Amino acid sequence: MSKKPAKAPSRKPAKPASQKQLKVAAKRLSTSADGTPERIAAALEAIAAHLAASTPASAHPTSFEDADAFVWHPNGRLNTVPRVSRVEIDLLKGIDRMRDILIENTERFAEGLPANNALLWGARGMGKSSLVKAAHATINLDRKNADRLKLIEIHREDIESLPALMDILRASSFRFVVFCDDLSFDGNDASYKSLKAVLEGGIEGRPENVILYATSNRRHLLAREMIENERSTAINPGEAVEEKVSLSDRFGLWLGFHRCSQDEFLAMVKGYCSHFDITVPEDELEHEALEWATTRGSRSGRVAWQFVQDMAGRRGVRLTGK
């Protein structure tokens, strides 16, 4: 019988040595009589020092007076935003009720009065994130530098670092709106637990000088199939679904955004054209705007803005406002 050749033993890739291991190895080598081990040890220490120096150090602004808006990064860095990309609040049409409620809530918070975390949910392109940024600008309009509200954006994928951000903001004398755009959770993503602890329930809780505003296309921040999967696979379906759906319950203020009517869509288009001095006969403007919406298959503030950009470009008008 022919024997099968013995398999070579598999070798796992070695883990990179830590700085401590490198120093121990260098110390052992230095006991030899010749001078080579000392040179090796010196080289290893130089490499270790270089690696330590190349690691980015976490940093945050020495003063929040540098700007009114910042972007949070999970390594502890807050980047200033000198100019926020926003739409003036008067140009946001068809969302008057939501606008008034959010501004009132934000103003109470800026004055140091009780206010709720807010979840802006609903149809795409209806001005949810635009309203948050416009409300922030409106509140700061006539405020002194020491009383100005700060806006900090945290990206959806960085939610797990939210407690670290809270630690930085807690020590400041300013008041902050922490804003997360397009917040939602899919599959086995468990980072929503970090958000739940910050909103309510954690031992530290939300700092008194911080409020959270989030936008989402989903009322419960979770995909329907995610909820159904929990219901079908859990030992106790009710408890499993409750644990995830309860996240949205921790936002005290829910603002629903729904698809706009044809009249509201045309009002958005006309408002933009008036603001940017785009002169077009009304009949022609309405016809082209409705045709544009039909080709896009939807009517929303975003579609209205895209149409106005196309109209301005074709007519050679720069969108600089009045």
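Below is a summary of the structure that appears in this document. The structure presented is a predicted model; accordingly, all values stated were derived computationally and were not measured.

Considering the environment of E88
Positionally, E88 belongs in the loop between β2 (77–80) and α3 (96–110). The exposure class of E88 is partly exposed, given its relative accessible area of 48%.

What about the nonpolar core?
Among the nonpolar cores identified, the biggest contains 49 residues, and L102, L120, L131, F257, F265, V269 and I278 are the most heavily contacted of them. The residues contacting F265, other than those within four sequence positions of it, are C260, A289, L290, A293, R299, S300, V303 and A304. Counting residues in hydrophobic clusters, the runner-up holds 29 residues, among them L119, I154, I159 and L212.

What about the packing of helix α9 (residues 262–275) against helix α11 (residues 301–315)?
Axis separation between α9 and α11 bottoms out at 9 Å; the angle between their running directions is 40°. With respect to α11, the element α9 is oriented oblique. Handedness of the α9/α11 crossing: right-handed. Two secondary-structure elements touch here, α9 through F265, M268, V269, Y272 and C273 and α11 through G301, V303, A304, W305, F307 and V308. Classifying every residue of the contact of α9 with α11 gives 10 nonpolar, 1 polar and no charged.

A closer look at empty space enclosed by the protein
Vacant regions in the atomic arrangement are exposed by a probe of water-molecule size rolled over the atoms. One pass over the structure, following the stated rule, counts 1 cavity of 30 Å³ or more. Empty space within the largest cavity amounts to approximately 60 Å³. Around the largest cavity sit I154, I159, L162, V178, C180, L183, L195, L212, Y213, A214 and F251, which together line it. Breaking the lining of the largest cavity down by element, the ones donating at least two residues are β5 (176–180) and β6 (210–216). The biggest single contributor to the lining of the largest cavity is β6, with 3 residues. Per-class residue counts for the lining of the largest cavity are 11 nonpolar, no polar and no charged.

Considerations on the sheet that holds β2
As summarised here, the arrangement of the 7 strands in space is β2-β1-β4-β5-β6-β3-β7, forming an open sheet in which the pairing is mixed. The open sheet is flanked by β2 and β7 (253–257), the only strands paired with a single partner. In this sheet, adjacent strand axes meet at a mean angle of 25° when their direction is disregarded. Summarising the sheet, strand β1 (residues 69–73) and strand β4 (residues 150–153) pair through 3 bridges and their orientation is parallel. Bridging from a neighbouring strand, F70 pairs with I152 of β4. Sheet contacts for α3: β3 (118–122), β5, β6 and β7; angle to β7, the most-contacted strand, approximately 155°.

Observations concerning the pattern of salt bridges
Taken as a whole, this structure holds 11 salt bridges when the rule is applied. Salt-bridge contacts for R143 lead to E111; the nearest nitrogen and oxygen are separated by 2.8 Å. A residue pair is termed long-range when its members are at least 10 positions apart, and R143 in the loop between α4 (128–139) and β4 and E111 in the loop between α3 and β3 qualify at 32 residues. We classify R143 as buried; its relative accessible area is 18%. When the shortest N-O distance is used, the salt bridge between E286 and K270 registers 2.8 Å. Placement of the pair is E286 in helix α10 (residues 282–296) and K270 in helix α9, with a sequence separation of 16 residues. The class for E286 is partly exposed, based on a relative accessible area of 23%. Through salt bridges that share partners, D68, R148 and K150 make up one connected network.

Regarding the layout of surface pockets
Considered as a void within the structure, the largest pocket measures approximately 940 Å³ in volume. Those elements that place two or more of their residues in the lining of the largest pocket are α4, β6, α9 and α11. Top element by residues in the lining of the largest pocket is α4. It accounts for 4 residues. Residues of the lining of the largest pocket, tallied by class, amount to 11 nonpolar, 12 polar and 10 charged. As a volume, the second largest pocket reaches approximately 160 Å³. Around the second largest pocket, the lining comprises 13 residues; the ones closest to its centre are V81, V84, K133, L151 and E153. Going through the elements one at a time, β1, α4 and β4 are the ones with two or more residues in the lining of the second largest pocket. Among the residues forming the lining of the second largest pocket, the class breakdown is 7 nonpolar, 2 polar and 4 charged.

Looking at the pairing of β5
Note on strand geometry: in a regular strand, side chains alternate between the two faces of the sheet. Within β5, 5 of the 5 residues are buried, leaving the element largely enclosed by the surrounding structure. Direction of pairing for β4 relative to β5: parallel, over a ladder of 4 bridges. Residue pairing in the sheet places K150 in a bridge with F176 of β5. One ladder, built from 5 bridges, connects β5 with β6; its direction is parallel. When the sheet's bridge partners are listed, C180 is paired in β6 with A214.

What counts, and at which threshold
- Residues numbered from 1 in each chain as written.
- Predicted model: local features only at pLDDT ≥ 70, side-chain atom pairs only at ≥ 80, totals over all residues.
- Heavy atoms only, no water.
- Helix = DSSP H or I, 4+ residues; strand = E, 2+ residues; numbered from the N terminus.
- Buried < 20%, exposed > 50% of the residue type's maximum accessible area, 1.4 Å probe, protein only.
- Core = buried A, V, L, I, M, F, W, Y, C linked by side-chain atoms within 4.5 Å.
- Contact = heavy atoms within 4.5 Å.
- Axes fitted to C-alpha atoms, helices over the stretch in contact; angles between N-to-C directions.
- Parallel < 35°, antiparallel > 145°, perpendicular 65-115°, else oblique.
- Left-handed = near helix turned anticlockwise from the far one by under 90°.
- Nonpolar A, V, L, I, M, F, W, Y, C, P; charged D, E, K, R; others polar.
- 1 Å grid on protein atoms, 1.4 Å probe; cavity = no way out; pocket = protein on both sides within 12 Å on 5 of 7 lines; lining within 4 Å.
- Points joined across faces, edges and corners; volume = space filled by probe spheres on them.
- Pairing = 2+ DSSP bridges.
- Salt bridge = Lys/Arg side-chain N within 4 Å of Asp/Glu carboxyl O.

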